[in-house]
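# Remarks on the overall topology
Okay, here's what each chain looks like letter by letter:
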Amino acid sequence: MGRMHMRRGWVSVGIVSLLTVATLAPRLLAASHDPEQGGEKRKEAPPKKIAIRAGRLIDAKSDAPITNALILIEGDKIVSVTRGGTAPAGVEIIDLSNATVLPGLIDTHTHVLLNGDITEEDYDAQLLKTSIPYRAILAARNARIGLENGFTTIRDLETEGAMYADVDVKQAIARGEVPGPRMQVATRAMTPTGMYPLLGYSWELRLPTGVQYVDGVDGARKGVREQISFGADWIKYYSDRAYRFEADNVLHSMVNFTDEEAKAIVDETHRLGKRVAAHCIGSDGIAAALRAGVDTVEHGDGLTDALIDELEKKGTYWVPTITVGAYVAPGRGGNWTRMVDAEKLAFQKALKKNVKIALGTDVGGFDWREINAAKEFGYYVNYGMTPMQAIRSGTTVAADLLGWSDKLGTVEAGKWADLVAVSGDPLKDITELERVKFVMKGGTIYKNELR
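Residues numbered from 1 in each chain as written. Predicted model: local features only at pLDDT ≥ 70, side-chain atom pairs only at ≥ 80, totals over all residues. Heavy atoms only, no water.

Attention now moves to empty space enclosed by the protein. Within this model, the largest cavity holds a volume of roughly 70 Å³. In terms of lining residues, the largest cavity is bounded by Asp107, Thr110, Ile145, Gly146, Asn149, Phe151, Ile154, Val363, Trp368, Ile371 and Ala373. Looking at the lining of the largest cavity, the elements that each hand over two or more residues are β5 (105-110), α3 (132-148) and β6 (151-156). For the lining of the largest cavity, a count of residues per class yields 7 nonpolar, 3 polar and 1 charged. Reported here for the second largest cavity is a volume of approximately 40 Å³. (1 Å grid on protein atoms, 1.4 Å probe; cavity = no way out; pocket = protein on both sides within 12 Å on 5 of 7 lines; lining within 4 Å. Points joined across faces, edges and corners; volume = space filled by probe spheres on them. Helix = DSSP H or I, 4+ residues; strand = E, 2+ residues; numbered from the N terminus. Nonpolar A, V, L, I, M, F, W, Y, C, P; charged D, E, K, R; others polar.)

Structurally, Glu261 can be placed in helix α6 (residues 259-271). The charged side chain of Glu261 is buried without a salt bridge, its nearest counter-charge being Arg241 at 10.0 Å. At 3.0 Å, the side chain of Glu261 and the backbone nitrogen of Thr258 are in polar contact. Those residues in contact with Glu261, other than ones at most four positions away along the chain, are Asp215, Gly216, Val217 and Ala220. (Buried < 20%, exposed > 50% of the residue type's maximum accessible area, 1.4 Å probe, protein only. Lys, Arg positive; Asp, Glu negative; His and termini not counted. Salt bridge = Lys/Arg side-chain N within 4 Å of Asp/Glu carboxyl O. Polar contact = N/O pair within 3.5 Å; in protein donor to acceptor, adjacent residues only side chain to side chain. Contact = heavy atoms within 4.5 Å.)

Now for the pattern of salt bridges. Throughout the structure, instances matching the rule amount to 24 salt bridges. Arg271 is the salt-bridge partner of Glu268, the closest N and O atoms lying 2.7 Å from each other. Taken together, the residues Glu268 and Arg271, both in helix α6 and 3 residues apart, mark about one turn of the helix. By relative accessible area, Glu268 is classed as buried at 1%. Between Arg435 and Asp429 there is a salt bridge, with the nearest N and O atoms lying 3.5 Å from each other.

A few words on the confidence of the model for the chain. Scored by pLDDT, the chain has a mean of 91; 90% of the residues are at 70 or more. Contacts of residues 1-42 to residues separated by more than four positions or lying in other chains number 135 contacts, the stretch itself having pLDDT below 50. (pLDDT = per-residue confidence, 0-100.)

Strand order across the open sheet formed by 7 strands is β3-β2-β1-β4-β16-β17-β18, with mixed pairing between neighbours. The open sheet is flanked by β3 (77-83) and β18 (444-448), the only strands paired with a single partner. Put simply, the sheet's adjacent strands are angled 30° from each other on average, direction ignored. Direction of pairing for strand β16 (residues 419-422) relative to strand β17 (residues 438-441): antiparallel, over a ladder of 3 bridges. Note on β17: the bridge partner recorded for Val420 is Val439. (Pairing = 2+ DSSP bridges. Axes fitted to C-alpha atoms, helices over the stretch in contact; angles between N-to-C directions.)

With that out of the way, let us pick up a nonpolar patch on the surface. Nonpolar side chains collect at one region of the surface, where Leu128, Tyr201, Leu205 and Leu207 lie side by side and expose about 330 Å² of accessible area between them. Of note, Leu207 is situated in the loop between β8 (190-191) and β9 (212-213). (Patch = residues over 30% accessible without salt bridge, like charges linked within 9 Å, V, L, I, M, F, W, Y side chains within 5 Å. Areas by Shrake-Rupley, 256 points an atom, 1.4 Å probe, with all protein chains shown as cover.)

The next thing to look at is helix α9 (residues 322-332). Along α9, the residues that are buried comprise Ile322, Thr323, Val324, Gly325, Val328, Ala329 and Arg332. On the buried face of α9, the contacting elements are α10 (336-352) and α11 (375-382). Of the residues one or two after α9, Gly333 is the one with positive phi, at around 65°.

Tyr237, Trp318, Phe347 and Phe377 are the most contacted members of the largest nonpolar core, which has 88 residues in total. Considering each element in turn, this core owes the most residues, 7 residues, to α10. Within the second largest apolar cluster, 19 residues are counted, among which are Ile50, Ile78, Ala417 and Met440. (Core = buried A, V, L, I, M, F, W, Y, C linked by side-chain atoms within 4.5 Å.)

Here we take up the side chain of Asn256. With respect to the secondary-structure elements, Asn256 resides in the loop between β12 (251-255) and α6. Here the side chain of Asn256 touches Arg241 through a polar contact of 2.7 Å, side chain to side chain.

Encoded structure:
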């Protein structure tokens, strides 16, 4: 939501610049990811076996925690989860008997290449005064912050002018060059010409833009094909801008694409086996996105009763990003505070209608170093979710949104060994998730303050 009324373009980042990032963190390259070197294939070490003793386990599948749970891990996968039990001989044992263990957290709306943009000046400076290679270095730092905060998986929803640098960051993490969450990425995002910053500068200047401009049905299809060819897992487009409350007390907006253009984006993306996220804040933009058949609605402040019913009927996911709205509202003024209040009411109504709400924060719209993205869980509980519902929004529901429910989101046999632990009980105090003490991703420990 950073530049929520429109955001964020140019020059590609080279692989060399991203490899520079490796000097900032330990080299974590696993043999399974290592390419052949010198023409001779390296031998893979046998998978490491670990047993974790959890005092309380919230597996995100059961309705109540499991006490005194034993989690057996081999390599990057969970082998078994049992109550009590004895660890096999010769297995490394990690004692978390005084902690609560949960699945790795999932944030379905991030921007690793952005570092806060309350004002237009904040946003413009990042595109005008910071090179894409340097932004990629900061993105690697941000990814590490996210991982250490317990987010073992993220969906990054556009690079805000940094072209396809998110694909490079994702690959560097996957290859073990830098530490960070698993990533699904959306590359450049889309709007029609002239409907996203940078705007307002002299027409004599050729400036970067935060998105890819696409026009017409053919242009929309071409844009989708181009982004997917360069590594996009998702296609994101900006459904609306210019948010205003009218006499009906509904938050309205100006729709960016024609219905034909939006439908072309969605149809082409689905034809190529990918999914679509739509930035839509006002009711008009949300309605247009739902008509087009998007898979996720991002922000959604202006949801009405009818649109909530439509969300539930279509099974479309809603990603509210409450943290960023509350953060930028004081600095932006205007309708923003009222928009936050409108979203709270919409959230409460959607919760009663069993809309699929997935946790997403829009971190990057606020500085990664300033606010822990897990603050979003607290908003969900304050808005009416039980702590368990909030946890599931950032685990099981989020995993389903990503199409990875067979791989992550719960602690059970066959899933990736993505685990976090906190000292207290998040079912009693959800803010415990803002104080993650232990992080494991794929069987590798990245943080342990519970020794």
